[in-house]
2 protein chains.
Amino acid sequence: MYRAPLAEIAFTLKHVAGLPQVRDAYGAEELGEDLVEAILTEAGRFAAEEIAPLNKIADRQGTPFANGTVTTPEGWRDCYHHWIEGGWNALAAGTDFGGQGLPVMLNIAALEMWNSASMAFALGPTLTMGAVEALEKHAAPELQEKYLAKLVSGEWMGTMNLTEPQAGSDLNALKARAERNADGSYRIFGQKIYITYGEHDLTDNIIHLVLARLPDAPAGTRGISLFLVPKFFVNDDGSLGARNDVRCAGIEHKLGIHGSPTCTMIYGDEGGATGWLIGEENRGLACMFTMMNNARLAVGVQGLGVSERAFQHALAYALDRRQGRAPGDKGEGMSPIALHPDIKRTLLAMQARTQVARAICYSCAHAIDMAHLAATPEERAHWASRAGLLTPIAKALSTDFGVESASLGIQVHGGMGFIEETGAAQHLRDARIAPIYEGTNGIQAIDLVQRKLPLEGGAHVDGFIAELKAIAEAAAAHSDEDIKATAAHLLPALDGLSSATAWLKQAQADGRVAEALAGATPYLRLAGLVLGGALLLKGAMAGEGQDPAAEAHRRLLARHFAETLLGETAGLARDVTGAAGAILAFDPAALSARIG
Amino acid sequence: MYRAPLAEIAFTLKHVAGLPQVRDAYGAEELGEDLVEAILTEAGRFAAEEIAPLNKIADRQGTPFANGTVTTPEGWRDCYHHWIEGGWNALAAGTDFGGQGLPVMLNIAALEMWNSASMAFALGPTLTMGAVEALEKHAAPELQEKYLAKLVSGEWMGTMNLTEPQAGSDLNALKARAERNADGSYRIFGQKIYITYGEHDLTDNIIHLVLARLPDAPAGTRGISLFLVPKFFVNDDGSLGARNDVRCAGIEHKLGIHGSPTCTMIYGDEGGATGWLIGEENRGLACMFTMMNNARLAVGVQGLGVSERAFQHALAYALDRRQGRAPGDKGEGMSPIALHPDIKRTLLAMQARTQVARAICYSCAHAIDMAHLAATPEERAHWASRAGLLTPIAKALSTDFGVESASLGIQVHGGMGFIEETGAAQHLRDARIAPIYEGTNGIQAIDLVQRKLPLEGGAHVDGFIAELKAIAEAAAAHSDEDIKATAAHLLPALDGLSSATAWLKQAQADGRVAEALAGATPYLRLAGLVLGGALLLKGAMAGEGQDPAAEAHRRLLARHFAETLLGETAGLARDVTGAAGAILAFDPAALSARIG
């Protein structure tokens, strides 16, 4: 069972992540509080009542593959069609092709709920939304005219074809090729792997976005072009024509997200799949990055969504299951395990991770919105930098937290957690992909250190840290004891973040690239924990007195996070600046030769 | 592929965990270095060549259940019979019934290799060894005579029947019942769940050890008795007789260890299963604790074994897979990902966890051996305390590390890690049970704080910390830079452990039980990390100059551990002493009522 945590979602949007600022920029009349509430409430209902009950069935059934076709799980197709009829696929898409043009923040809040309900279900539309965005920004008007409306509505779904067996994280190694046709179209040849929803029975057509090289393209990533390759050709009247030369050769047997087919796609083994260029030749990577950046945030939201689901699952079990006597429990018989101090700690650890992931993902969505909506070019550039800085943190920290929460959730269940019927293990199996795809979390950390710290000559990150410090300083002067105590933990953590940041900037300025890279992963966690602590504190100070129990719990949760997870930061700061020597001196090949 | 890390195993036994002291106490002639080497080498060969290749097949096939019978995976039965023919089941059992009577340390080293090869395979014999020990210590001579020789040889296997649906961690809630027969035997009735290898086709008979209550037994754990219930009765000539009234009603569909059947066992639904008392009536828990304590160390070794296997798997992949250009790599084309700094960090993180788990598990085995072999009652009592102190740490830290290593190993594989065929995901699925069974790691932490800190009036743990401090101080005065740097991290971590220990002892002395329990989990990790750092440092200082590259790597690994994982200790020490307030103030039921 999943219950949409609407109060926390609405609170985080409004008081932590800055929805009022987005509303002002968007137009307060068009985005009234009533509308926001109605959207969240209905999304929560749909997620809880229609999607969530399918999650376990889909895990068991998977997506059988036979004769080139993929069958989605029982109930999946009906659910998807109800979902697109509700307009959910079109929430954030532009209004030109039928989208609702609402802020990304709202779409991300809804996406959290779709992912809590079923990560495998939510994944398909997530990729369609990315395809929509790439076409909106980069495709020629004729292509937009032909494809966008049906992708926006969800009548068709979209895919993203990057990976090949030899080209995973390194797109330089891409081999799929494209040849020019006389009519301006292209013939595409090659094999793509790990293509999410590459083949399925949810929609009549599937629109593949495919990276490939032209014969005369420069080597490396400056020679990659992006093509639109429909499964079925689309006639000028919008009806479907013949089948294109693209097929699914098989699906993967995966640890989790069994309801989401992961396909090997073969392009052009009968003479060439016909495709159309998106954007300019050899500039495909820039187009793909449009998809990828937002996909990274969307993957972060998967971590958030699963973390919330696992937390609710564990909380319900812990209130129901009775074992032993908790100290101080005045009840009869055995105590609910939720009253044992160690289980209380575990539940708080899960909820703190969930709430931090929510605050960071929503804040990242806020920055993306402001990068489009802010009044001046300077402000828009500022928010674009902020979105750039927050995206790798939102992706990596939230997905790590998703895995950690799901694993803690199994632990709360004891032996039951290891039994598949319980459902707790599925959360871990599903969540485990999120730190890997859309750029592994290691690559997110490298992106943060190598591309985001230097933004605005290094000034952007300093400004960001100064904002967090202002929160901590306001909290230190607060009258509430929980808030003051939280600030007392956050201030030294901020100092650690400042000095680690300065060290990394200096290392890169000095050309000590390997040293900086060796510290990237602990730096991302350090930055994410400090940001998370500051955002929880901001929420703890933001109560309006409407729900005293909820506000007291937010203060307690901020304090708990500061007293436990924030304790990692002192070590992480030293790790970033001090551990490179031993890491770089390590010779893995020599070690391997010495084993056995 | 698995290669037995014989050099590290032998080094750790000898230079870190104290095998020479055990050898002296055991008798140096009977336990020559040649014999030790021969045992380890042959165990490594058997594990790598005969067991390891079955691990993935077993994961895929599981143990189908039909008509009350369980079929083990392809090759399993032959492998088991080769394994017992090699005498491996009898390694540590007493010599009276055919055991080799070798030190526990050697058995644990071999057990590491069985678990690296296949945790699901190793689990069955682990339980048989527990049953052997319980019978050796507590059973009447007639029972020993009838059952022990065949359990020692492995011709029959043993099981451990504690858990019932309502009685998991809390054995007070046990309901299975026993009634006295006129001939001195008993009739057993009840349902037991999660019975590992409760039914299978590896051996002709299965000897169940079952906890149940007599009609006139006191309530709670002081009213539990232990019974031996054979699947088939054993005639006086040793041949098998009729089937007993015990049957397997089904097996669980689990996240991992698919090769190990987890059974629901029904006793007595056709008039009563016949059983024989082990030890005294109502004293069954004491007998069961004999099994459980050693089983806890054995479960820790599962974490160790899987961690080593996952590490080797990831290392091999990282040396083979090429993506991008690592800084400073002078080779052609893309670099092996093992050369990227972030992957080097990850591999070291896995190996450091593995080596710490090994050092702690072997040290615990050393304490168990010395508790039996030491010359004086005072020394034996000292080592029994030490074994008591180390057991929860060995169990919980090693199993947490097993899960962490397996998860890091998936990450090293990128997208391939999520594909089941790769095998990396299986390590995580298998490892995930180990923090749960034989007492969850939360219960281990509570055991450490509530039962082990007070040992010898609190003096034992202080002596233990003083020993670790002596290692750190010797290292601080060492000439080697890596060793000195490691000591510089370990000394403040030891101070944190000392003050957290003192705080917990005081809290319990003051009757602040809930506060102490709230800090138990971070305390166990704090103690384990500090112990691990000290043992790595001991190994780093112990080189004999025979293998300079291996010794240099041990220094590097100790330093890496100190610069990364030991960084958690400052936060953990503050967590133990400072986080109880918020945890105990948390009201899970009220929170649940506020969601959605």
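Residues numbered from 1 in each chain as written. Chains lettered and ligands numbered in written order. Predicted model: local features only at pLDDT ≥ 70, side-chain atom pairs only at ≥ 80, totals over all residues. Heavy atoms only, no water.

Labelled according to an unreviewed UniProt entry, chain A appears under the name Acyl-CoA dehydrogenase, originating from Pannonibacter anstelovis. Per UniProt, the comment on chain A under Sequence similarities (unreviewed entry) is "Belongs to the acyl-CoA dehydrogenase family." (UniProt positions renumbered as here; feature names shortened; annotations may be inferred.)

Q: Describe in detail the overall build of chain A, supporting the description with residues and values.
A: Assigned secondary structure in chain A consists of 21 helices and 12 strands. Against the 2.2 N^0.38 benchmark of 25 Å for 596 residues, chain A shows a C-alpha radius of gyration of 24 Å, consistent with a compact globule. For chain A, the spread of C-alpha atoms along the three principal axes comes to 75 × 70 × 60 Å. Within the span of chain A, comprising 596 residues, buried residues form 63% of the whole. Counting only contacts in chain A whose residues sit at least 6 apart along the sequence, the fraction spanning at least 24 positions is 74%. Across chain A, the 50 positively charged side chains and the 69 negatively charged ones have centroids separated by 6 Å. (Helix = DSSP H or I, 4+ residues; strand = E, 2+ residues; numbered from the N terminus. Rg over C-alpha atoms; globule rule 2.2 N^0.38 Å. Buried < 20%, exposed > 50% of the residue type's maximum accessible area, 1.4 Å probe, protein only. Contact = heavy atoms within 4.5 Å. Lys, Arg positive; Asp, Glu negative; His and termini not counted. Charge placed at Lys NZ, Arg CZ, Asp CG, Glu CD.)

Q: An account of the pairing of strand β11 (residues 262-267) of chain A is requested, with residue identities and associated values reported.
A: The side chains of a regular strand alternate between both faces of the sheet. Residues and elements named next belong to chain A. The element β11 is extensively covered by neighbouring structure, given that six of its six residues are classed as buried. Of the two faces of β11, the one holding Thr262, Thr264 and Ile266 and the one holding Cys263, Met265 and Tyr267 are both buried throughout. Where strand β5 (residues 186-196) and β11 come together, five bridges link them in antiparallel fashion. The residue of β11 that forms the bridge with Lys192 is Met265. With five bridges connecting them, strand β10 (residues 246-251) and β11 associate as antiparallel partners. In the strand pairing of β11, Val246 is matched with Tyr267. (Pairing = 2+ DSSP bridges.)

Q: Give a detailed account of the packing of helix α11 (residues 377-412) of chain A against helix α13 (residues 441-452) of chain A, specifying residues and quantitative values.
A: A pair of packed helices can be characterised by two numbers: the angle between their axes and the separation between those axes. All names here are of chain A. Between α11 and α13, whose axes approach to 9 Å, the crossing angle comes to 160°. Viewed along their axes, α11 and α13 adopt a mutual orientation that is roughly antiparallel. The hand of the α11/α13 crossing is left-handed. Contact residues: α11 offers Gly388, Leu389, Pro392, Ile393, Lys395, Ala396, Thr399 and Asp400, while α13 offers Asn441, Gln444, Asp447, Leu448 and Lys452. The residue inventory of the contact of α11 with α13, partitioned by class, reads five nonpolar, four polar and four charged. (Axes fitted to C-alpha atoms, helices over the stretch in contact; angles between N-to-C directions. Parallel < 35°, antiparallel > 145°, perpendicular 65-115°, else oblique. Left-handed = near helix turned anticlockwise from the far one by under 90°. Nonpolar A, V, L, I, M, F, W, Y, C, P; charged D, E, K, R; others polar.)

Q: I'd like a description of the UniProt feature "domain: Acyl-CoA dehydrogenase/oxidase N-terminal" (unreviewed entry) in chain A, backed by residues and values.
A: Mapped onto this structure's residue numbering, the UniProt feature "domain: Acyl-CoA dehydrogenase/oxidase N-terminal" (unreviewed entry) falls at residues 37-155 of chain A. Across residues 37-155 of chain A one finds 66% helix and 3% strand; the C-alpha atoms that close the span lie 27 Å apart.

Q: Mind laying out the UniProt feature "domain: Acyl-CoA dehydrogenase/oxidase C-terminal" (unreviewed entry) in chain A, listing which residues take part and the relevant values?
A: If you check UniProt for "domain: Acyl-CoA dehydrogenase/oxidase C-terminal" (unreviewed entry), the listed places come out as residues 282-451 of chain A in our numbering. The span residues 282-451 of chain A is 74% helix and 0% strand, and its two end C-alpha atoms sit 22 Å from each other.

Q: Describe the side chain of Asp329(B), with residues and values.
A: All names here are of chain B. Checked against the element boundaries, Asp329 lands in the loop between α9 (284-320) and α10 (341-373). Of the polar contacts made by the side chain of Asp329, one reaches the backbone nitrogen of Gly331; its length is 3.0 Å. The residues touching Asp329, leaving out its near neighbours within four places in the chain, are Ser335, Pro336 and Leu339. (Polar contact = N/O pair within 3.5 Å; in protein donor to acceptor, adjacent residues only side chain to side chain.)

Q: Talk me through unusual backbone geometry; I want residue IDs and the actual numbers.
A: Of note, the phi angle at Glu438(A) is positive, near 55°, even though the residue is not glycine. Summarising the element assignment, Glu438(A) is placed in the loop between α12 (424-431) and α13. The residue Ile257(B) is not glycine, and still its phi comes out positive at about 35°. Tracing the sequence through the fold places Ile257(B) in the loop between β10 (246-251) and β11 (262-267).

Q: Any details on the domain arrangement of chain A? Residues and values, ideally.
A: All names here are of chain A. If you check the domain split of chain A, you get domain 1 (6-153), domain 2 (157-282) and domain 3 (445-581). Opposite the five residues of domain 1 that make contact, domain 3 presents six residues. Together, the buried faces of domain 1 and domain 3 total about 570 Å²; carbon and sulfur atoms form 52% of this surface. For the domain 1 face of the interface with domain 3, the top three residues by lost area are Phe11, His15 and Val16, together amounting to 81%. At the junction of domain 1 with domain 3, the criterion picks out one salt bridge. Ionic pairing is found between Glu8 and Arg554, a salt bridge with its closest N-O pair at 2.9 Å. Put simply, domain 1 and domain 3 have two residue pairs in polar contact (both at pLDDT 80 or more) between them. (Domains from an automatic or database assignment. Buried area = accessible area lost by both parts, 1.4 Å probe. Salt bridge = Lys/Arg side-chain N within 4 Å of Asp/Glu carboxyl O.)

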